[in-house]
Structure formats: C-alpha cells, structure tokens
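Coordinate inspection notes
Here is what each chain is made of, one letter per residue.
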Amino acid sequence: MVEVRTDIEAGTDRAPRAVGIAWALLALNVLGSAGAKTIVPIPRSLIQMVTMGALVGAFTLALTVNRELRIRPSAFVFLLTLLLVPSLISSVDAGAGALFRCARLALFVGTLWLLSRWWDGSPRFVHHHIRWYSAVLVLVAVGLVVSPGTAMPEYYGGRLVGALWPLTPPQIGQYSAVIIGLSVLLLLGRRTTLAGAAVVIVPSFVLLAMTHTRTATLGMIIGLVLAIGSLVLTSAAARKFFAWAVLCATVAAVVFGSALRAWFLRGQSQENFSNLTGRAKVWDSLLSAPRTTGDAVFGLGLGDKSWDGLPIDNSWLAVYNEQGLLGVAVVAAFLLALGGIALLRPPSLSRACAIFLISYCAISSYTEVGLGDASAYLLHLALAASLLAAPAAAAPLPAAGLPRQRSDIPRRRVPRWARR
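Model, not experiment: these values are computed from the prediction.

Each value, and the rule that gives it
- Residues numbered from 1 in each chain as written.
- Predicted model: local features only at pLDDT ≥ 70, side-chain atom pairs only at ≥ 80, totals over all residues.
- Heavy atoms only, no water.
- Helix = DSSP H or I, 4+ residues; strand = E, 2+ residues; numbered from the N terminus.
- Buried < 20%, exposed > 50% of the residue type's maximum accessible area, 1.4 Å probe, protein only.
- Contact = heavy atoms within 4.5 Å.
- Areas by Shrake-Rupley, 256 points an atom, 1.4 Å probe, with all protein chains shown as cover.
- Core = buried A, V, L, I, M, F, W, Y, C linked by side-chain atoms within 4.5 Å.
- Patch = residues over 30% accessible without salt bridge, like charges linked within 9 Å, V, L, I, M, F, W, Y side chains within 5 Å.
- Salt bridge = Lys/Arg side-chain N within 4 Å of Asp/Glu carboxyl O.
- Phe/Tyr/Trp six-rings, centres within 6.5 Å; stacked < 30°, edge-to-face > 60°.
- Lys NZ or Arg CZ within 6 Å of the ring centre and 35° of its normal.
- pLDDT = per-residue confidence, 0-100.
- 1 Å grid on protein atoms, 1.4 Å probe; cavity = no way out; pocket = protein on both sides within 12 Å on 5 of 7 lines; lining within 4 Å.
- Points joined across faces, edges and corners; volume = space filled by probe spheres on them.

1. Here's the deal with the overall build of the chain
A count of helices and strands for the chain gives 19 helices and 4 strands. Across the 420 residues in the chain, those meeting the buried criterion constitute 46%. Here the analysis covers contacts within the chain between residues at least 6 apart in sequence; of these, 76% occur between residues at least 24 apart. Summed over all atoms, the accessible surface of the chain reaches about 21,200 Å², with 67% contributed by carbon and sulfur.

Right, here's the structure in full:
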C-alpha cells in the first residue's frame, strides 16, 4: 500500500528538469481545440488527442519524478479538489462528454498535487511559465509572417489569431499580457537583465496590441499597478519604475488620446459596446431560465461554456451554469484564500508576481471563462499558489561551543583485557 505524505520540507528538493516539462505539458493541454482557421487545416479530433495526450503525459511525468507521492499543503489545490464534488454530481446525468471533462479536471488537479512538492515560494515556476508562453507567441508570430491574411482574418475584425495553431485573439492577448507582467516584475526584482526582459516584453506588447483585447490589457495594467504598489515601500527600482510609468501614461493619454479610444472601441457602436458585444443578452437569458433546486445548487454538468449555442464569456455565470451555487462558492473561496495569503506575506518579488496573477485572473473572469474547469486561468492561479507557498525551514545547526548530547557521543570499544 502506497502512503501519501505531506512533506513540509519538500521545498528543499532540487526540481528535476522533468518538472518544467510537466508544467509545459499542462499549459499545452489548456490551449484548447477550438479557435481560428489555420493555414493547414488541423482536424479537431487530432488537436484533442494532442492536448489530452499532453495532460496524460504531464501526470505520468509528475508521478515518475514524485514516486513517493510527497506533496505540500495548498489551500488552493485543496479547494480545487473540492470543486470536483459538484462537477461530478452534476455531470453524472449530463452524458459522457461531461464525465470526460470531469476526468480531465481530476487529472489536472492530480498533476498539480504531484508538482506541489516543489512549490517553495521561489520564482522557479515563473520561468517555466514565461518560457512556454513565449514559445506559443513565437508560433503566433511565425504564422503572422507566413500568412498575414490568415493570421488577421476579417471574420475576427482584423484581430490577430493563431495561423499555425487555432488560437483566438483573447487567448493570444491573455498569454501576452501575463508574460509581459511577469517579465516586468522579474526585471524589477533583478532576476533578469534589461535585454532579456526586452526580448520578451517588446514583441509580446506588439502582439497584444494586434489582438485588440481590452480585457487582457486592462487586467495587465491593473495587475501591474497592484503588484508594483506592493513593492513600492521596499524597492527603489519599483518606486522609480512606478513614477516613470505614471508620467508616460499621462503623456500618452494626452498625445494619443483619440487613437487609444479608437483602439479600445474596435470600431463598435456605443450600443454594442454598452452591452459588452452582446454578452449582456446571453447573461440575461441564462439567469432568467427556470431551474430546479438541484440544478441551481449543483449545476447542469461540465460543458463547452455556452448557452443556447452562444458563448457565456463570464467565469462566474459559466460556473453557476455548470457547477451551480456550490461551485461558485468554491471558486470564490480559492480566490479569496489566495488573495488573503498574498496580503499576509511580507513584501517580496514572489508576492508581487502572485498579486499580479490573482488580480489579472479576477478581472478577466468578468468577460472570460475558465475558473471552473482545467484552463490557462487555473494554471496562472496555480503559479500564484506556488509563489505564496511558505519556504521550507532549514534544519537548525548545533550551536558552537555547546556539549553534544549523550546520544550523539560515539561509544568507544573497551578491550576485553581492560574489562577484566
């Protein structure tokens, strides 16, 4: 029988390279299988095989490097495990598709438990995160160079999409905003050079602008303001950067005000902008639909995050629809838990990165889905949980000059003739 242990000193373990590969495979799994048309059409079944194979590979790899099943306590992963309860209850009667999504979420959570052995509050997983999503953005940039028409199609209003792998503008905007924010914070914490940060930040910012993703842009700005604000009292570099950022933002608002407003509106009418590009109508229809008490408490089962064939585009309503009020309570609990732990931690680079990720995911939840199922947003929050994990305490060294305990003194062998 295998014993599962909670190892509070696991943070002292040196993470093998397989841990970073497992993290990248988790990120590959949550890329999704639906999106824009690609240069070479890829069957959706093939994409699903690749993404699900990546999840199975991540779990197998994590289990291989953590055969002792040593885990660290994590309120976030524990609450995420509780989310499986309403997901399973509601999905039993919803069909094979819902149960398959349940199994996927369970495998995703299980992999996070196995990787939690190496969560020690260091920015170790931040580097894995940036490397993987930088590789995804390089793939997007290559598709833009190879086929600009496919990468910026008219059916998306000329916004940037994935031409080699089916990625939507909100996905590309999300990945760009997250690695920009993390790279800026690593630069302020002197964990990277200016040239190294610029290589990531400048191209990502260009891609973010080409996606015209307002939610990602606002989430990045607000998240950085909160994260840098948490460093202002202890970091001179943060204070200097914050002052320059405020000055540049003021000048840009005055000089490029009309251009920024046109970019923000994306050519939409005032009426279309006010009802959030039609989202408000879907939300009203979902909330006004009759439900039984069981459906309201446990939801209708995991699905494709749509209502009457239209995307819900709101994490809270998607969770309410699929996992009910119980699911909404669990999601709110792990967001509040992460936020509360971040506020209690002393100022540090890890805390600032966690605040950025939590803020970004909370803001994006208003117009994006993903907090109730295996998604990039849950992976961002898992990264925040790894940054907020308490570092393992080192074993105390014996004080110099103090006599050793009697049990520590080696016993000398007495010859037989001396004993006689």
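2. Thoughts on the nonpolar core
Among the nonpolar cores identified, the biggest contains 97 residues, and Phe 76, Leu 112, Tyr 133, Phe 334 and Leu 381 are the most heavily contacted of them. Apart from residues no more than four positions distant in its own chain, Leu 381 is found in contact with Phe 76, Phe 334, Leu 335, Leu 338, Leu 357, Ile 358, Cys 361 and Leu 371. Ranked by size, the runner-up nonpolar core spans 10 residues in total, among them Leu 286, Ala 289, Leu 317 and Ala 318.

3. What about a nonpolar patch on the surface?
Side chains of Ile 39, Val 40, Val 138, Leu 139, Val 142, Val 145, Val 146 and Leu 164 sit close together on the surface and give an oily, nonpolar patch of about 680 Å² of accessible area. You can see Val 142 is positioned in helix α6 (residues 124-146). According to the relative accessible area criterion, Val 142 is partly exposed, its value standing at 38%.

4. Considering the packing of aromatic side chains
Summed over all chains, the structure comprises 6 aromatic pairs. When the ring of Trp 23 is compared with that of Phe 125, the centres are 4.9 Å apart and the planes differ by 50°; the resulting orientation is tilted. Placement of the pair is Trp 23 in helix α1 (residues 17-29) and Phe 125 in helix α6, with a sequence separation of 102 residues. Among the residues examined, Phe 125 registers a relative accessible area of 1% and is labelled buried. Taking the centre distance of 4.6 Å and the plane angle of 25° together, the rings of Tyr 133 and Tyr 175 count as stacked. Separated by 42 residues along the polypeptide, Tyr 133 in helix α6 and Tyr 175 in helix α8 (residues 169-188) bring together distant segments of the chain. Among the residues examined, Tyr 133 registers a relative accessible area of 1% and is labelled buried. If you follow Lys 37 out to its NZ or CZ, it ends over the ring of Tyr 155, 5.8 Å from the centre.

5. Some words on unusual backbone geometry
Positive phi, close to 55°, is recorded for Leu 69, a residue that is not glycine. Within the element layout of this structure, Leu 69 appears in the loop between α2 (44-65) and β2 (70-71). Accessibility expressed as a relative area gives 19% for Leu 69, which makes it buried. Located in the positive-phi region is His 212, a residue other than glycine, with phi close to 55°. Structurally, His 212 is set in the loop between α9 (194-211) and α10 (214-229). His 212 sits in the partly exposed class, given a relative accessible area of 23%.

6. Details of the confidence of the model for the chain
Averaged over all residues, the pLDDT of the chain is 86; the fraction at 70 or higher stands at 87%. Here residues 1-12 is a poorly scored stretch, pLDDT under 50, and it has 24 contacts once near neighbours within four places are set aside; other chains count. The low-confidence segment residues 400-409, where pLDDT is below 50, has 2 contacts with residues more than four positions distant or belonging to other chains.

7. Some thoughts on the environment of Leu 160
Tracing the chain through its elements places Leu 160 in the loop between α7 (148-151) and α8. With 11 residues separating them along the chain, Leu 160 and Gly 149 place their C-alpha atoms 9.7 Å apart. The residues contacting Leu 160, other than those within four sequence positions of it, are Val 140, Leu 144, Ala 151, Met 152, Thr 168, Pro 169, Ile 172, Leu 207, Met 210 and Thr 211.

8. Here we look at the layout of surface pockets
For the second largest pocket, the calculated volume is near 1,200 Å³. In terms of lining, the second largest pocket is formed by 30 residues, of which the most central are Phe 205, Met 220, Ile 221, Ala 245 and Ala 249. Of all the secondary-structure elements, those providing two or more residues to the lining of the second largest pocket are α8, α9, α10, α11 (236-255) and α12 (257-265). In terms of residue count, the dominant contributor to the lining of the second largest pocket is α11 (9 residues).

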